[in-house]
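# Geometric and topological summary
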Amino acid sequence: MSSKSAIFVFAAFVLALGRAKIYDRCEFGRAIQTYGVPADQVAVWTCIAQRESNFDTAAVNWSSGDHGIFQISELFWCSTGDTPGGGCNARCAQFEQDDIAEATACALYIYSQMGFTAWTTYLQYCNGDVSSYVAGC
Ligand SMILES: *[C@@H]1O[C@H](CO)[C@@H](O)[C@H](O)[C@H]1NC(C)=O
């Protein structure tokens, strides 16, 4: 391996470790639809994700124990250990990945149990006109 390609591999490795994908607003809306979110809910979920994490897949609130782009709570929905647990039978770390398939599946499960009010940001910011969150997408 040349030293240039060695540096490239090293840089790619560092980037992979520091994984933290920030979704674009419209990209987020498209992604969650491919993972099962109905079209008429996209604006509300986009509002929630922006308010909870600013679309940062790696967001963690260590004081509340909330994880990922939807800030899913370790108190109820996932396990911080190596074994999956909580209502979503998952590891919280799964909700911090670039790929938001698992985070979205858990968010939909939470919604099925509690509705959008499971997210405090919903009542604060996202239960009115949320059309601006999908405008231009
Ligand atoms: C983290 O959670 C605490 C407790 O719910 C909250 O007061 C705080 O605003 C949160 N921090 C961020 C950055 O969201």
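Right, let's walk through the structure included here. Remember, it's a predicted structure, so these values are computed and weren't measured experimentally.

Right, let's talk about the pattern of salt bridges for a bit. One pass over the structure, following the stated rule, counts 1 salt bridge. The residue Glu-27 makes a salt bridge to Lys-21 at a minimum N-O spacing of 2.8 Å. Overall, Glu-27 belongs to the partly exposed group, its relative accessible area being 25%.

Closest axis-to-axis distance for the helix α2 (residues 25–34)/helix α3 (residues 42–53) pair is 10 Å, and the angle between their directions is 125°. Between α2 and α3, the interaxial angle falls into the category oblique. Along this stretch, α2 crosses α3, giving a crossing that reads as right-handed. Listed contacts from α3 to Arg-25, Phe-28, Gly-29, Ile-32 and Gln-33 of α2 are Val-42, Trp-45, Thr-46 and Ala-49.

This part takes up unusual backbone geometry. Despite not being glycine, Gln-71 has its phi angle at roughly 50°, a positive value. Along the polypeptide, Gln-71 turns up in the loop between β2 (66–67) and β3 (72–73). By relative accessible area, Gln-71 is classed as buried at 10%.

Before going further, it helps to examine the nonpolar core. Judged by nonpolar contacts, the single largest core of 34 residues is most densely connected at Phe-28, Trp-45 and Phe-70. Phe-28 has contacts with Tyr-23, Trp-45, Thr-46, Ala-49, Phe-55, Ile-69, Phe-70 and Ile-100, leaving out every residue within four places of it along the chain.

For α2, the set of buried residues is Cys-26, Phe-28, Gly-29, Ala-31 and Ile-32. Its side-chain oxygen placed 3.1 Å from the backbone nitrogen of Cys-26, Asp-24 serves as the N-cap of α2.

About the criteria used
- Here the residue numbers are simple positions, counted from 1 along each chain's written sequence.
- In view of the model being predicted, local features appear only for residues whose pLDDT reaches at least 70, and side-chain atom pairs are presented and counted only at 80 or more, with totals across whole chains, interfaces and linings using the full set of residues.
- Remark: hydrogens and water are excluded; side-chain values derive from all non-hydrogen atoms of the structure.
- Here a salt bridge means any side-chain nitrogen of Lys or Arg lying within 4 Å of a carboxyl oxygen belonging to Asp or Glu.
- Remark: exposure states derive from per-residue accessible area (1.4 Å probe, protein chains only) relative to the maximum for the residue type, with buried under 20%, exposed over 50%, and partly exposed in between.
- Lines fitted to C-alpha atoms define the axes here, with helix axes fitted over just the stretch in contact, and angles between the N-to-C directions of these axes take values from 0 to 180 degrees.
- Here a helix means four or more residues in a row that DSSP labels H or I, a strand means two or more in a row labelled E, and each is numbered from the N terminus.
- Any angle that falls under 35 degrees is termed roughly parallel, while one over 145 is termed roughly antiparallel, one within 65 to 115 roughly perpendicular, and all others oblique.
- For any pair of crossing helices, the crossing counts as left-handed if the nearer helix is rotated counterclockwise from the farther one by less than a right angle, and right-handed if it is rotated clockwise.
- Two residues form a contact once any of their heavy atoms are found within 4.5 Å.
- The criterion is simple. A nonpolar core is a set of buried Ala, Val, Leu, Ile, Met, Phe, Trp, Tyr and Cys residues joined through side-chain atoms within 4.5 Å.
- Contacts described as polar in this section are N or O atom pairs within 3.5 Å, which, within protein, must combine one atom able to donate a hydrogen with one able to accept it, while residues neighboring in sequence count only if both atoms come from side chains.

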